[in-house]
Amino acid sequence: NTMAQQKVVRLVFISSGGTVYGVPKYLPIDEQHPTDPQVSYGITKLAIEKYALLYEGLHGIVPLILRVANPYGERQRIETAQGAVGVFISRALRGEPIEIWGDGSVTRDYLHVSDIADAIPAALRYAGRERVFNIGSGRGTSLNELLALLEATLEAPVARRYLPGRPFDVRENVLSCELARRELGWVANVSLADGLSRTVVWQRANMGQQ
């Protein structure tokens, strides 16, 4: 109601491409894939998506829903233990072992925060009929591969501790971002190796300040 009163005409909502789809029926996951989230975070994101789409019919507020992959990068909060990349780097820099739930084969689509930032103005400029877009790298990286990249970045081994897998962890999630490329003119530009390097530099410079 407040948005309608203030005559808001466009809304960009950052949803979760990593959780709203649930267990994939095929890969990579496109926007037509069924949504069956396995965790409450994904359920909440999906409910907000539905409300945003409802408000277009009720109030004419155009929603652009960005289902973002697993974000990481500089300034990511690590005290909440959310985001494998941020947590892994933090523990590695402190010489603490990294805990892996399962055998490390769980695969995710990691996306640098600067690429997400570029997707938002692209959505604001969009005048087409699509409403939901996957925003990801389109490439899957397992936890073991992520750790290997981190070791290469740090030029040092990283201690790790493998724990029993968790039943709610989806084994693999990789997004198809062809619709965003075609309709928004957006593609991810930051490689995981480059993004890890930038994030390590930032965390090193800010250790003790978080």
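Here, every reference points to the structure presented above.
The following paragraphs examine the structure supplied in this document. What you see is a predicted model, and the numbers here were worked out from it, not measured in a lab.

**Some thoughts on the side chain of T107**
Relative to the assigned elements, T107 resides in strand β5 (residues 107-108). A distance of 3.0 Å separates a polar atom in the side chain of T107 from the backbone oxygen of S105. Beyond its immediate sequence surroundings of up to four residues, T107 is in contact with G140, T141, S142, R171, E172, N173 and V174.

**Some words on the sheet that holds strand β2 (residues 62-68)**
One open sheet holds the three strands; their spatial order is β1-β2-β7, and the pairing between them is parallel. Two strands lie at the open edges of the sheet, namely β1 (10-16) and β7 (132-135), each paired on one side alone. For this sheet the average axis-to-axis angle between neighbouring strands, irrespective of direction, equals 25°. Pairing analysis gives seven bridges linking β1 to β2, with the strands arranged parallel. From the neighbouring strand, F13 faces β2, where its bridge partner is I65. Contacts between helix α2 (residues 40-59) and the sheet are confined to β1 and β2, with β1 contributing the most and set at about 160° to the helix. Together, β1, β2 and β7 form the strand contacts of helix α4 (residues 113-125), whose direction differs from that of β1 by roughly 145°.

**Some details on the packing of helix α5 (residues 143-154) against helix α7 (residues 192-206)**
For the pair α5 and α7, interaxial distance at closest approach is 10 Å and the crossing angle is 60°. Considering the angle they form, α5 stands oblique to α7. Pair α5 / α7 crosses with right-handed handedness. Taking contact as the criterion, the partners of L146, L149, L150, T153 and L154 in α5 are, on α7, L192, A193, L196, S197, V200 and R204. Of the residues that constitute the contact of α5 with α7, the class distribution is eight nonpolar, two polar and one charged.

Criteria and cut-off values
- The written sequence of each chain sets the order in which its residues are numbered from 1.
- Thresholds applied to this predicted model are a pLDDT of at least 70 for local features of residues and 80 or more for the giving and counting of side-chain atom pairs; totals over whole chains, interfaces and linings are not thresholded and use all residues.
- Only heavy atoms go into the side-chain values, all of them from the structure, while hydrogens and water stay out.
- Numbering of helices and strands runs from the N terminus, with a helix taken as a DSSP run of H or I at least four residues long and a strand as a DSSP run of E at least two residues long.
- Side-chain atoms alone can form a polar contact between residues adjacent in sequence; in general such a contact is a pair of N or O atoms within 3.5 Å, and within protein one must be able to donate a hydrogen while the other accepts it.
- In this analysis, two residues are considered to be in contact whenever any of their non-hydrogen atoms come within 4.5 Å of each other.
- Strand pairing follows a simple DSSP-based rule, namely that at least 2 bridges must link the two strands.
- As a rule, the C-alpha atoms of each element are fitted with a line to give its axis, helices using only the stretch in contact, and angles between N-to-C directions run from 0 to 180 degrees.
- By definition in this entry, angles of less than 35 degrees are roughly parallel, angles greater than 145 are roughly antiparallel, angles of 65 to 115 are roughly perpendicular, and the rest are oblique.
- Handedness of each helix crossing follows the sense of rotation of the near helix against the far helix: counterclockwise by less than a right angle gives left-handed, clockwise gives right-handed.
- Residue polarity follows a fixed list, in which Ala, Val, Leu, Ile, Met, Phe, Trp, Tyr, Cys and Pro are nonpolar, Asp, Glu, Lys and Arg are charged, and the others, Gly among them, are polar.

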